[in-house]
Amino acid sequence: MILRIFGYLFGIGAVLFLVVATGVAWFVSDLTQDLPDYDVLAKYEPPVMTRIHASDGKLVAEYARERRLYLPIQAIPDRIKAAFLSAEDKNFYHHSGLDYYAIGRAVIQNLQSYGSGKRPVGASTITQQVAKNFLLTNEQSYQRKIKEAVLSLRIEAAYSKDKILELYLNEIFLGLGAYGVAAASLEYFDKSVHELTLAEAAYLAALPKAPNNYHPFRKPEEAIDRRNWVIDRMIENDFVTQQEGEAAKAQALGVNRRVTAPHLFAADYFTEEVRRQLAEMFGEKALYEGGLSVRTSLDPELQLMARGALMRGLVRFDRARGWRRPVKHIDDMGDDWGVALSEVEALTDVVEWKLAVVLESSGNGLKAGLQPSRRPNGKVGDDRTTVVVPPAQMKWAGKRPKVGDVIYVSKVEGSESGAYALEQVPQIEGAIVAMDPHTGRVLAMVGGFSYAGSEFNRATQAYRQPGSSFKPFVYSAALDNGYTPSSVVMDAPIEIDPGPGQPIWRPSNYSNDFYGPATLRTGIERSRNVMTVRLARDMGMPLVSEYSRRFGVYDDLPTYLPMALGAGETTVLRMVAAYSVIDNGGRSISPTLIDRIQNRFGETVFRHDQRICELCEVAEWQGQDEPVIIDDADQVLDPMTAYQMTSMLEGVVQRGTATIVSREIDKPLAGKTGTTNDYRDAWFVGFSPDMVVGVFVGYDRPRNLGRSSTGGQLAAPIFVDFMKQALADKPAIPFRVPPGMNFIPIDRKTGLHSNGNGAGVLLEAFKPGTGPPDTYSIIGYTDSYGQPLTVAPETDRAVVSGTGGLY
């Protein structure tokens, strides 16, 4: 009977077991039939930040939606692995994806705390976390846990332990916007993973559960407790000794957050232009998730020089207009002026200046309180520093700021008393670009006074009239088509009928005077407008338009005569690239801010330099000649024409409208000033044999800069400031003369051959087969029969009388 009862119970139990097992199997099968394909892990390419580097390798900027640097498991130090294994899954290398002992313990604890409102205890292994992070959601349910467990078993069967740990350590979110241990190491400690101490590694391992609960600034005590708990686990698991662990626990957190963009000071405009170009080339997804490594053409030293030169030039112009108004006025500063001042937003990229509030204002100067610092938690610091602005350091203002005015001040260099100077953010704006003329590489670019104040890049986005700085392209077209530097053009009143319904156009020179016939050289040196109009009319504007396209100044210049005086709109970058064609012997160049781009696997996907060098890749030297780099760029200008133009532009800085350049810098330089109608824009574009620099100055909303605000007065001094520094340690290299160029002495006034010497005679460059004319022929001036006027060589130059007639 007893056996029958046991048999009966056993049968019932077996049936129930089968029913339950079948139900569980059916439930699990139904739950897991639509599981994600874990094979995607093999093809996993996590979102990785794009990094921008200067030409010398310095980090300029990073772009990412998730701050992550992917490291293979072999590159992750054992100390990092040990810390995370101790904190998250000490049996990782011994289980098959599920830790059954930990699961049992979690079940018991959760049953005991059921109904208490406490968060359920988990028992997830690292493999389960990989399954959840990569393939599932963060949903808190037993269904998700079952899916997670099944996927974990499948993942363990398909991938090695090291591969699973690699995925985990690169994917896990660790707070402060950092994903993965490499990014977190930089974000929290400004170190690579190989430089982390035991205490620092343990702190990172303390973060995966809940980074915000162990925030280094908001919850430092909890962060230290959790870090020390990780260290204790590392001691238990024999990853570190008791002595090492105790020493690590005695240390402070030592969090030293990495300074976020910009990483390279003063490069904001440059890097933003690079970012825009990358987005156009590869799209937003590749930019922010593709892990591109971008080597730019930026020269950090030249960039600093360019920024300083432009800022000083803009401030100099602005100071001459006097004081306008304070940044803000604080009516009620209360007992603590620092709190009120801390609310005022400063220009973060003008680090030489400090915001301050005027506490006292008298004939003896100003007493001002500097804006206090802010702690990492956002609270105002306790520092309250006052400084003195003596009368001499605000004389330019013309009046004193009042008590409560928020102003900018800067420390006076070399002041023994520690005096500060009154500063003012200029309304005037500008841009400067420096370029290598042989490659088109942009070495420096500054698009305004402050990127924090205005992100608009006036070097690439502002289309402005170049004025007379466009004239070299008109004269280059002439020299390339039969004219010579000694060709004579009439400088006399001229009337142009633009067509029905349009008023007669009467171009004039800057001085409103006319100077009679003069050589092309004199015309460019003295920036004669009327001569340029006559020359363009003699050649035909279609030719000028074609050459402006070849140089890259304009895409399609309208064929109206005013365009010969720079009435069309272009950018500083395009002007600098166009002058580079003259400087490099007439070869076209493609301006670039990017040298090379590599993808996340180190493969080069873009290279700017397309020059050919067949022998550059040889494995070793075997007595062969050095490699020859073949430049196959288009020759858009005759090399001899390019040199003639260069020589004439040397005359601009030696005798013409930009003599400030030759007075300040005793090295071969050439360039051209530019000033537009009503003094709205001031330009100077100049060059040495190996660098071209363009400067533009003007208001964002074009308006009159003031009488005498010419390119020679405003833009050229900024060029001089920059080039003085840039060429300080460079030898004085003369401009390169093409083989076959002839130099013949001519009379500067008539352009005829001269046997004499002195100030009126110069050596002019002529192409083979050309030379000074035998007769004095004047372009743009005809006799009573409409024929070009010719005068015997010995005849003295006549004085222009009226607008027509004979000489």
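Notes on the structure follow. Every chain's residues receive numbers from 1 upward, in the order its sequence appears when written. Owing to the predicted nature of the model, reporting of local features is limited to residues with pLDDT of at least 70; listing and counting of side-chain atom pairs is limited to 80 or more, with chain, interface and lining totals taken over all residues. Heavy atoms from the whole structure form the basis of all side-chain values; hydrogens and water molecules are not counted.

## A word on the packing of helix α2 (residues 78-88) against helix α8 (residues 198-205)
Here comes step 1: Where α2 contacts α8, the two axes come as close as 9 Å, and the packing angle between them is 40°. Judged on the interaxial angle alone, α8 and α2 are oblique. For α2 against α8, the interelement crossing comes out right-handed. Between α2 and α8, the contacting residues are R79, I80, A83, F84, A87 and E88 on the first element and L198, A201, A202, L204 and A205 on the second.
Here comes step 2: All residues other than Ala, Val, Leu, Ile, Met, Phe, Trp, Tyr, Cys, Pro, Asp, Glu, Lys and Arg, Gly among them, are scored as polar; the first ten of these are nonpolar and the last four charged. Here the residues of the contact of α2 with α8 are counted per class, giving nine nonpolar, no polar and two charged. Under this scheme, a helix contributes an axis fitted over its contacting stretch, all axes are lines through C-alpha atoms, and angles between N-to-C directions fall in the 0 to 180 degree range. A helix here means a DSSP run of H or I that spans at least four residues, while a strand means a run of E at least two residues long, and both kinds are numbered starting from the N terminus. Small angles under 35 degrees read as roughly parallel and large ones over 145 as roughly antiparallel, with 65 to 115 read as roughly perpendicular and the rest as oblique. With the far helix as reference, a near helix turned anticlockwise by less than a right angle produces a left-handed crossing, and one turned clockwise produces a right-handed crossing. In this analysis, two residues are considered to be in contact whenever any of their non-hydrogen atoms come within 4.5 Å of each other.

## Observations concerning the sheet that holds strand β2 (residues 59-63)
Here comes step 1: One open sheet accounts for five strands, arranged β2-β1-β5-β16-β17; its pairing is mixed. Each edge of the sheet is formed by a strand with only one pairing partner; in this case those strands are β2 and β17 (604-607). The mean inter-strand angle of the sheet, taken between neighbouring strand axes irrespective of direction, is 15°.
Here comes step 2: Paired strands, as defined in this entry, are two strands with at least two bridges between them according to DSSP. As paired elements, strand β16 (residues 594-598) and β17 share three bridges and run antiparallel to each other. Within the sheet, the bridge partner assigned to Q598 lies in β17 and is T604.

## So, the packing of α2 against helix α9 (residues 220-236)
Here comes step 1: Running from N to C, α2 and α9 point in directions that differ by 100°, and their axes come no closer than 8 Å. Taken together, the axes of α2 and α9 lie roughly perpendicular to each other. Of the residues in α9, those in contact with R79, A82, A83, S86, A87 and E88 of α2 are R226, W229, V230, R233 and M234.
Here comes step 2: Here the residues of the contact of α2 with α9 are counted per class, giving six nonpolar, one polar and four charged.

## Describing the pattern of salt bridges
Here comes step 1: Here, a salt bridge means any side-chain nitrogen of Lys or Arg that lies within 4 Å of a carboxyl oxygen of Asp or Glu. Counted under the stated rule, the structure contains 42 salt bridges.
Here comes step 2: The partner of K249 in a salt bridge is D232, with the nearest N and O atoms 2.8 Å apart. On the criterion of sequence distance, the pair formed by K249 in helix α10 (residues 242-249) and D232 in helix α9 is long-range, its members being 17 residues apart.
Here comes step 3: Relative accessible area decides the class of each residue, using a 1.4 Å probe on protein chains only: under 20% of the type maximum gives buried, over 50% gives exposed, and in between gives partly exposed. Relative accessible area serves as the criterion here: at 22%, K249 is assigned to the partly exposed category.
Here comes step 4: Among the residues examined, D232 registers a relative accessible area of 24% and is labelled partly exposed.
Here comes step 5: In this structure, R275 and E272 form a salt bridge, with 3.0 Å as the shortest nitrogen-oxygen distance. Placement of the pair is R275 and E272 together in helix α11 (residues 268-282), with a separation of three residues, close to one helical turn.
Here comes step 6: In the salt-bridge network here, residues are joined through shared partners; they are R51, E62, R67, E187 and R257.

## Brief notes about a nonpolar patch on the surface
Here comes step 1: Only residues above 30% relative accessible area that lack a salt bridge enter a patch, with like-charged residues linked at up to 9 Å and the nonpolar side chains Val, Leu, Ile, Met, Phe, Trp and Tyr linked at up to 5 Å. Residue exposure ignores everything except the shown protein chains as possible cover, and the areas themselves are Shrake-Rupley values with a 1.4 Å probe. A surface patch of nonpolar side chains, about 240 Å² in accessible area, is lined by F265, L304 and V351.
Here comes step 2: Take V351: it is sitting in the loop between α14 (337-342) and β7 (353-362).
Here comes step 3: A relative accessible area of 43% means that V351 is categorised as partly exposed.

## Topic: α11
Here comes step 1: Expected span, for any helix, means 1.5 Å times one less than how many residues it has. Look at α11: 21 Å from first C-alpha to last across 15 residues, which is about the 21 Å you get at 1.5 Å a residue.
Here comes step 2: Of all the residues in α11, the buried ones are D268, Y269, F270, T271, E272, E273, V274, R275, L278 and A279.
Here comes step 3: Summarising the contacts, the buried residues of α11 are in contact with β1 (50-53), β2, α12 (284-289), β5 (293-296), β13 (442-446) and β16.
Here comes step 4: In the stretch just after α11, G283 is the one whose phi turns positive, near 95°.

## Notes on the environment of R607
Here comes step 1: Here R607 shows up in strand β17.
Here comes step 2: For R607, a relative accessible area of 45% translates into the label partly exposed.
Here comes step 3: For the pair R607 and R295, spaced 312 residues apart in the sequence, the C-alpha separation amounts to 9.6 Å.
Here comes step 4: Other than its neighbours up to four places away in sequence, R607 contacts D595 and R596.

## Here's the deal with the pairing of β13
Here comes step 1: With five of its five residues buried, β13 lies for the most part within the structure.
Here comes step 2: Pairing geometry for strand β12 (residues 429-435) and β13, over four bridges, is antiparallel. The partner of A434 across the bridge, within β13, is A444.
Here comes step 3: Hairpin geometry of β12 and β13 is characterised by an intervening segment of six residues between the two adjacent antiparallel strands and by a positive phi of about 85° at G440.

## A short note on the sheet that holds β13
Here comes step 1: Within the open sheet, the five strands sit side by side as β13-β12-β20-β19-β18. Their pairing is antiparallel. Looking at the sheet topology across the chains shown, the edges are occupied by β13 and β18 (670-675). The average angle at which neighbouring strand axes cross in this sheet is 5°, direction not considered.
Here comes step 2: Pairing analysis gives six bridges linking β18 to strand β19 (residues 681-688), with the strands arranged antiparallel. Looking at the pairing, T673 lines up with F684 of β19.
Here comes step 3: Against the sheet, helix α19 (residues 572-583) engages β12, β13, β18, β19 and β20 (691-698), with an angle of about 150° to β20.

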